[in-house]
Structures are given as structure tokens and as C-alpha cells.
Amino acid sequence: MNSMITVNKNIYPDQKVFPKELMPYSAKESLKWLWRLFFVSRKNPHNIEYIPKKVTLNKIKPELTLGFFGDIMDIENRRLEIKEDVKNFFYDCDYIIGNLEGTYYKGKKETFLDQSINQSIIEAIKTIKAPEKTYLSIANNHTGDFSESVFNESIEFLINEKFNLFGGHLKNNPSTVVISNEVELTGVTRWSNRKRGFERAKSIHLIEEEIVSIKNENSHLFKIIFPHWGYENVLYPQKETKDQGSRLLNAYDCLVGSHSHCPQPVTLSEDNKICAFSLGNFCFRGTSYLLNRFCWGIILKFTLGKSQNGFHEKLVVGEIEWNFVKMSFDSENNVITHIVDEHGV
């Protein structure tokens, strides 16, 4: 894998790691990232709008309900509490799926941007669904934050806790998993803060090279792509992200993304496929004015089943439902994730 990362630039064309491997972007894009820390981009040149919070795509015989949440981020030594309204939202879901943007680790960080996950986060997720019913993607820009031994210990810990992992390269953490024999779920990342991250998580560019074969293989399965992509602190996707999404949806039936750290629209493609560009954050440590803008996200669920009109052999989407969530803080600065009507970014 090391030779692939350093020699074959076509596989990782975006990976221009900042000096000392702190960020995945070029120097120019890193300056834009710094600007957006203070001034979140609100540009919406393509007039992308959210679909209603509850909508029915097809009349189906319900078979399976999947729930999704955004980035599980470092909350330092704080405790995470998931409010009942969030738990109730996911109550009828057979499985839940989220982005684990950190490594389970109690030691010292190498840089200030490294993300570690504490025991409180693990226990809080368990209050939503049992680990056996929970799928966590490790494909994101923080997969390479820590050493190989720390990363492997984190994977082993999560597996021992009975969580299902995807988005990786290992047998116990494959890039693609199959849920309930009818849904194929694939995790990929466009970015990694450190080059070693691509030794552990699958690159989105490898998927794009395989689009034709992906479309033709396992065509009886409902295929979901779960990309960590786009840019941070952007409320609406940029053209390159929108175009990349269109290419991915040529092979996949649904796209649910992450990485922006703020909510981006839940939409439908031209052929009526779910395209949730980014679900923002699900937990975050921010208590200051600057960091508080990252304390918003989206939770999403949809039901799958066979079409009542008999036109589709595989599962199709029936009812879709989503809500905004906010991370608030109690008197001890512990994190509380709950549902709100609108985001406040």
C-alpha cells in the first residue's frame, strides 16, 4: 500500500498533505478551510434544497428500516448523553449507521487535530441500538491519526464490543458489508489527514474507477454509498461534490455523506434516489462561540421494501424521514444531543 500512496497519484489525486501531515488539503485549500472556521460558506449556486422532513417515495411492503447519523467526534473528557427524542426517532430502525471519526484511545495525541473517542461515546451509542445492530464507518480523514498499534487496538476493542465496522481494508473491517442479505453498504473517504490513513480506509477514487463493475455486480442488492467527502464548514455542496455524487449514483441506489461538520441538504437525485450530501455532526466538544457552530447535524431514516406495483425485483425506498439535531451542554459542559426544528449555523 505504501508504494501505491507515494507513486500512483491517480488513485489519490486530492491528497496533498499539509506540512507535518496536519491536514489533507493543499496550501490554498487549507487557507480556505481556515477562513471558513470563522465564516461558514453559505453559497448555494445550484439552488439545492432540502426535501420535506417526511416524504414517501414509493408504496411498498415494508421489510427493513435503516437509520443514519453524522460524525461522532472527539468530546475530550466530557460525557455524551443522547436525549429520548433521538432514541425515539431511531426506535423503529432495524439498524443504525454512522461515521466514527476518531480512534478509541486514552493516551496522548500527536497533534491538536487528532480525534479520540472515549468510553462515554461508546456507551451512549449503545443506548440507541445494540452494537450488533450498529454499523460504524472508519473511512474518514482521521483514520490515520494514530499509530498502527493504537489503530488496531481500537478496531479490536470495537469488534469485542460487538459493533459492525466497514470502510476499511481488513477482513474484520471490510470496505463493504451486506445487511440482512439485501442491502450493500460501502464506506469510502476522499480525504486523510495522514497518508497512512489510506492504508486503513478505502479511497473514494478507487470506487470511481470501479463504477461500471459496481453497477453490474450484485444488482439484486440495494446499494448504499457512505462517502466522507466534500469540504468542511460548507452548508451546500460545491459543484465538484455535486458532480461526484451524480457519478456515484449511477452505480448506487442511495448516498449518505459526511465531513462538512455542518448540515447539508437531504435531497433526491433526478431519478429519485436519496442523496444526503452530509449529515454534519452527531457529537462535538464545542462550547466556545467559534466551535459552537459545529454543534449541529441531521438524523435520517428510511424504510425499504418490495414495490406494491411489482415493477421492482429488489428493495426500493418507501418513507423517508429526517430531523436536525443540536449538541447542547449542561452545567458541567457534558454534551447532550437532541432534536431541533432548524439548525443554527
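All figures in this text were calculated on a predicted structure; none of them were measured in a lab.

(A) Representation of the pairing of strand 10 (residues 183-189) within the structure. Among the seven residues of strand 10, seven are classified as buried, and the element is accordingly described as predominantly covered. A two-sided burial pattern is seen for strand 10, the buried positions comprising Val183, Leu185, Gly187 and Thr189 on one face and Glu184, Thr186 and Val188 on the other. Examined bridge by bridge, strand 9 (residues 176-179) and strand 10 share four bridges and lie antiparallel to one another. The residue of strand 10 that forms the bridge with Thr176 is Thr186. In this structure, the hairpin formed by strand 9 and strand 10 is closed by a connection of three residues, where Ser180 is found at a positive phi of approximately 55°.

(B) Just the packing of aromatic side chains, in detail. Considering all chains together, one arrives at 19 aromatic pairs under this definition. Summarising the aromatic geometry, the rings of Tyr50 and Trp322 are spaced 5.1 Å apart at their centres and angled 25° between planes, so their arrangement reads as stacked. A residue pair is termed long-range when its members are at least 10 positions apart, and Tyr50 in the loop between helix 2 (27-38) and strand 1 (54-56) and Trp322 in strand 17 (residues 316-329) qualify at 272 residues. Ring centres of Tyr104 and Phe157 lie 3.8 Å apart, and the angle between their planes is 10°; this geometry places the pair in the stacked category. One end of the pair, Tyr104, is in strand 5 (residues 103-104); the other, Phe157, is in helix 5 (residues 148-160), with 53 residues separating them in the sequence. Judged by its relative accessible area of 15%, Tyr104 falls in the buried class.

(C) A look at the environment of Trp296. Locating Trp296 in the fold gives a position in strand 16 (residues 296-307). Considered as a pair, Trp296 and His343 are 47 residues apart in the sequence and their alpha carbons are 6.3 Å apart.

(D) Helix 2, seen in detail. With 12 residues, helix 2 extends 18 Å between its outermost C-alpha atoms, agreeing within 8% with the 16 Å of an ideal straight helix rising 1.5 Å per residue. Buried residues of helix 2: Glu29, Ser30, Trp33, Arg36 and Leu37, and no others. Seen from one end, helix 2 has its buried residues packed into an arc of 120°, which puts them on one side. In helix 2, the exposed residues that point more than 90 degrees away from the buried face are Lys28, Leu31 and Trp35. Tucked into the core, helix 2 has its buried residues touching helix 9 (289-292).

Rules used throughout
- Residues numbered from 1 in each chain as written.
- Predicted model: local features only at pLDDT ≥ 70, side-chain atom pairs only at ≥ 80, totals over all residues.
- Heavy atoms only, no water.
- Buried < 20%, exposed > 50% of the residue type's maximum accessible area, 1.4 Å probe, protein only.
- Helix = DSSP H or I, 4+ residues; strand = E, 2+ residues; numbered from the N terminus.
- Pairing = 2+ DSSP bridges.
- Phe/Tyr/Trp six-rings, centres within 6.5 Å; stacked < 30°, edge-to-face > 60°.
- Expected span 1.5 Å × (residues − 1).
- Arc of directions from axis to C-beta.
- Contact = heavy atoms within 4.5 Å.

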